[in-house]
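Observations on the three-dimensional arrangement
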Amino acid sequence: MNIKRLIMAIVAAYVVMSILGMAADQLLSDFTPMMKAMGRMGPDLEAHFIWMMLGYLIVTIFFCYIYAHFHEGKGWTEGARFGLYIGLMMAGISMVMYAVLPMSAMESLISAITGIIIYVAGGITTSLVYKAED
């Protein structure tokens, strides 16, 4: 495993997925009022923002590590496929959230689809940066 490329992939994927995630939250907030109502707002959100970003960093580290460990060197399509698989797996969390939180089925679906798109973009980014063999 190429540690230098892994670190670069982690940074690149973190930036791409964070920007897409924040943009999706802003663009889709009108379609997810129940999720917005459950979330922290204002100073409370600001006080906890670092925890959210650290959580996303942990997810990104493992996302990139798993890709680097198992990749076959097939380029961006391999990254897209990897991101799709992880995104589909994480869509299960949207189903769990729908079951336990007061949110609509549409909000759960929006969350799942958005997550899939973000993970596919993260997979492509990771594959483009981590392209070196051991």
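My aim in this report is to walk through the structure given alongside it, one point at a time. (Residues numbered from 1 in each chain as written. Predicted model: local features only at pLDDT ≥ 70, side-chain atom pairs only at ≥ 80, totals over all residues. Heavy atoms only, no water.)

Some remarks on the overall build of the protein
Counting secondary structure elements, the protein contains five helices and zero strands. Moving toward the C terminus, one meets the helices and strands of the protein in the order α-α-α-α-α. Computed over its C-alpha atoms, the radius of gyration of the protein comes to 16 Å, within 12% of the 14 Å expected for a compact globule of 134 residues. On the principal axes, the C-alpha backbone points of the protein span a range of 45 × 30 × 25 Å. Out of the 134 residues in the protein, the part that is buried amounts to 34%. Excluding contacts between residues fewer than 6 apart, the proportion of contacts in the protein whose partners are at least 24 apart in sequence is 82%. Approximately 8,400 Å² of the protein is accessible, and the part contributed by carbon and sulfur atoms is 74%. (Helix = DSSP H or I, 4+ residues; strand = E, 2+ residues; numbered from the N terminus. Rg over C-alpha atoms; globule rule 2.2 N^0.38 Å. Buried < 20%, exposed > 50% of the residue type's maximum accessible area, 1.4 Å probe, protein only. Contact = heavy atoms within 4.5 Å. Areas by Shrake-Rupley, 256 points an atom, 1.4 Å probe, with all protein chains shown as cover.)

A look at the nonpolar core
Among the nonpolar cores identified, the biggest contains 15 residues, and L6, M17, F63, C64 and Y130 are the most heavily contacted of them. Looking at this core, the elements with two or more residues in it are α1 (3-28), α3 (42-70), α4 (76-100) and α5 (105-129). Looking at this core element by element, the count peaks at five residues for α1. In this structure, Y130 is in contact with M1, N2, R5, L6, A9, Y67, A68 and H71, ignoring residues within four places of it in sequence. (Core = buried A, V, L, I, M, F, W, Y, C linked by side-chain atoms within 4.5 Å.)

Thoughts on the packing of α4 against α5
Between α4 and α5, whose axes approach to 7 Å, the crossing angle comes to 155°. One way to sum up the angle between α4 and α5 is to call them roughly antiparallel. Our pair here, α4 against α5, has a crossing hand that is right-handed. By residue class, the composition of the contact of α4 with α5 is 17 nonpolar, nine polar and no charged. (Axes fitted to C-alpha atoms, helices over the stretch in contact; angles between N-to-C directions. Parallel < 35°, antiparallel > 145°, perpendicular 65-115°, else oblique. Left-handed = near helix turned anticlockwise from the far one by under 90°. Nonpolar A, V, L, I, M, F, W, Y, C, P; charged D, E, K, R; others polar.)

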